[in-house]
Amino acid sequence: MQNLEPFSRRSFLKTLSIGAGALALTPTLQSLISSDKKLGIALVGLGGYSRGQLAPALLETKHCYLAGLVTGTPSKADEWSKKYNVPNKNIYNYSNFDEIAKNPDIDIVYVVLPVSMHKEFTIRAAKAGKHVICEKPMALNAAECTEMIAACKKAKRMLSIGYRLHFDPHNMEMMRLGQKKVYGKVTAIDTGNGFVYRGDPNAWRLKKALSGGGALMDMGVYSIQGTRYTLGQEPLFVTATEVKTNNDLFAEVDETINWKFEFPGGLVTTGKSSYNNNWGYLKATAEKGNFSLEPAFGYGGIKGSTHLGVMELPQINQQAAQMDDFALCVMNKKPTRVPGEEGLKDMKVIDAIYRSIASGKRERIV
Ligand code: NAD
């Protein structure tokens, strides 16, 4: 269970002084750190997220470092091995990846590939005896997530999902205010996440076989997460509708989706995802106040407020905190706060949203 104690500015600054990665740790976990050992992480897929966020974050981590690379592009292997000082013996391609089993430098494999490849590489990594972080959305559907969880259990390896916002102070504050009912019971949540897609029309994100879906899979997953972790509850039913204005660009995948969740006790929340609107907010109303984030889901620049004023919380390197926390969980054999089961819960919701769009009816989330 996540630590939901309030953040004070002073305790944050104190923790910051011992490193961004330690920031999100509970005192219990911190006290278990026994050595200065750093675990080796291999990034699988050296695309935009690995290049722009994960590799730079691995220069700031305290408990793990970039030890290996898995890429299908030899020129990237050369460039990255020089830039990040990764020896040739720790560089693999998608075919010889399984040989990583024999490499003691690699403790954790981080899957940063198109969604259709998440299941295969998570399972291959676990079979190779490595712990795994898999990017969001966890897989093409809930059935795949279940297979991935089972494979990691069988191999006795830990599986975590790249849910960086569980380590962001502002999103953690939303969890605390909502789950601890600081302003009374939550009576409404509205959330949206999206951007105006101006990227490559041939990108994997727009190919259903590779992505599993459009803005819902890519961006909506944050809003679904936000709703679930603000409430600390699971939705029972969903009713969803789709809006498409560009049938050429979004021929295979969803552009904009609106949904309504029904929670136990009758609470109804609303949410939306889009590749055609710049949204990024998470707003909760409670019996005695309200609390919200906007922007809510970015790598930084998150802004929060309540009916009492601005949330005075620091921005941190979310990816460094996320990876350091997982490294410590592995070292100390402690469960991660973002296990595969958390990804599975979101995929069950996403599956039900797509079912509701197809049926035109309210669907049970199973
Ligand atoms: P990207 O397109 O920039 O990179 C994808 C990588 O996969 C590239 O290196 C590409 O060469 C490789 N690849 C291998 N086989 C491929 C194929 N058949 N088609 C296309 N590419 C192939 O994508 P990205 O933005 O880095 O996203 C990768 C994963 O990371 C996705 O799951 C995405 O949702 C996730 N992601 C997470 C965050 C986050 O904030 N947690 C942010 C961005 C992306």
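Just so it is clear, the model here is predicted, and its values are computed rather than measured.

Criteria and thresholds
Residues numbered from 1 in each chain as written. Predicted model: local features only at pLDDT ≥ 70, side-chain atom pairs only at ≥ 80, totals over all residues. Heavy atoms only, no water. Axes fitted to C-alpha atoms, helices over the stretch in contact; angles between N-to-C directions. Helix = DSSP H or I, 4+ residues; strand = E, 2+ residues; numbered from the N terminus. Parallel < 35°, antiparallel > 145°, perpendicular 65-115°, else oblique. Contact = heavy atoms within 4.5 Å. Nonpolar A, V, L, I, M, F, W, Y, C, P; charged D, E, K, R; others polar. Pairing = 2+ DSSP bridges. 1 Å grid on protein atoms, 1.4 Å probe; cavity = no way out; pocket = protein on both sides within 12 Å on 5 of 7 lines; lining within 4 Å. Points joined across faces, edges and corners; volume = space filled by probe spheres on them. Domains from an automatic or database assignment. Phe/Tyr/Trp six-rings, centres within 6.5 Å; stacked < 30°, edge-to-face > 60°. Lys NZ or Arg CZ within 6 Å of the ring centre and 35° of its normal. Near = heavy atom within 4 Å. Polar contact = N/O pair within 3.5 Å; in protein donor to acceptor, adjacent residues only side chain to side chain. Areas by Shrake-Rupley, 256 points an atom, 1.4 Å probe, with all protein chains shown as cover. Sits in = over half its atoms within 2 Å of the grid points. Buried area = accessible area lost by both parts, 1.4 Å probe. Salt bridge = Lys/Arg side-chain N within 4 Å of Asp/Glu carboxyl O.

**Quick notes on the packing of helix 5 (residues 118-127) against helix 6 (residues 142-154)**
One can describe the packing of helix 5 onto helix 6 by two numbers: an axis separation of 9 Å at closest approach and a directional angle of 5 degrees. With respect to their mutual orientation, helix 5 and helix 6 come out roughly parallel. Touching His118, Lys119, Thr122, Ile123 and Ala126 of helix 5 are Glu144, Glu147, Met148, Ala151 and Cys152, all from helix 6. Grouping the constituent residues of the contact of helix 5 with helix 6 by class yields five nonpolar, two polar and three charged.

**Some details on the sheet that holds strand 5 (residues 131-134)**
Spatially, the six strands line up as an open sheet ordered 3-2-1-4-5-6, and their pairing is parallel. In this open sheet, the two strands that pair with only one neighbour each are strand 3 (91-92) and strand 6 (159-161). Its contacts with the sheet place helix 4 (residues 74-84) against strand 1 (39-44), strand 2 (64-70) and strand 3, and it is angled at close to 165 degrees to strand 2.

**With respect to the layout of surface pockets**
Quantified by volume, the largest pocket comes out at close to 820 Å³. Put simply, the parts of the chain that give the lining of the largest pocket at least two residues each are helix 3 (48-57), strand 7 (186-196), helix 9 (215-231) and strand 11 (276-286). Take the lining of the largest pocket: its biggest share by element is four residues, from helix 9. Of the residues assigned to the lining of the largest pocket, the class counts are 19 nonpolar, 15 polar and six charged. Structurally, the lining of the largest pocket is a two-domain feature, drawing no fewer than three residues from each of domain 1 (33-164) and domain 2 (169-315).

**Concerning the packing of aromatic side chains**
Two aromatic rings, taken as a pair, are described by how far apart their centres are and by the angle between their planes. For the structure shown, the criterion picks out 13 aromatic pairs. Each ring, one from Tyr222 and one from Phe297, has its centre 6.1 Å from the other, and the planes form 35 degrees; the classification is tilted. Within this pair, whereas Tyr222 is found in helix 9, its partner Phe297 is found in the loop between strand 12 (289-293) and strand 13 (304-306), the two being separated by 75 residues in sequence. Taken together, the ring pairs connect Phe195, Tyr197, Phe250 and Tyr275 into an aromatic cluster. Residue placement shows Arg362 over the ring face of Phe237; its charged tip is 3.7 Å from the ring centre.

**Focus: the site of the ligand**
The ligand sits among 21 residues. The nearest are Gly48, Glu135, Lys136, Arg164 and Trp204. Residue Lys76 places a side-chain N or O atom 3.1 Å away from an oxygen atom belonging to the ligand. If the ligand stood free it would expose 830 Å²; the protein chains cover 78% of that surface. Cavity membership is defined here by more than half of the atoms lying within 2 Å of grid points; on that basis the ligand lies in the largest pocket. Mapped onto the shell around the ligand, the elements with two or more residues apiece are helix 3 and helix 9. Tallied by class, the residues present in the shell around the ligand amount to eleven nonpolar, four polar and six charged.

**Side note on the domain arrangement of the protein**
Taken domain by domain, the protein comprises domain 1 (33-164) and domain 2 (169-315). Each of domain 1 and domain 2 has a C-alpha centre, and the two are 27 Å apart. Contact residues are listed per partner, giving eleven residues for domain 1 and 13 residues for domain 2. Of the roughly 1,100 Å² buried where domain 1 meets domain 2, counting both sides, 59% is carbon and sulfur surface. Counting the surface domain 1 buries against domain 2, the share from its top three residues, Lys136, Tyr163 and Arg164, is 45%. At the junction of domain 1 and domain 2, the tally comes to one salt bridge. Here Lys136 ties to Asp218 by a salt bridge, and the two come within 3.0 Å at their closest N and O atoms. For the interface between domain 1 and domain 2, the tally reads six residue pairs in polar contact (both at pLDDT 80 or more). Per-class residue counts for the side of domain 1 that touches domain 2 are seven nonpolar, two polar and two charged.

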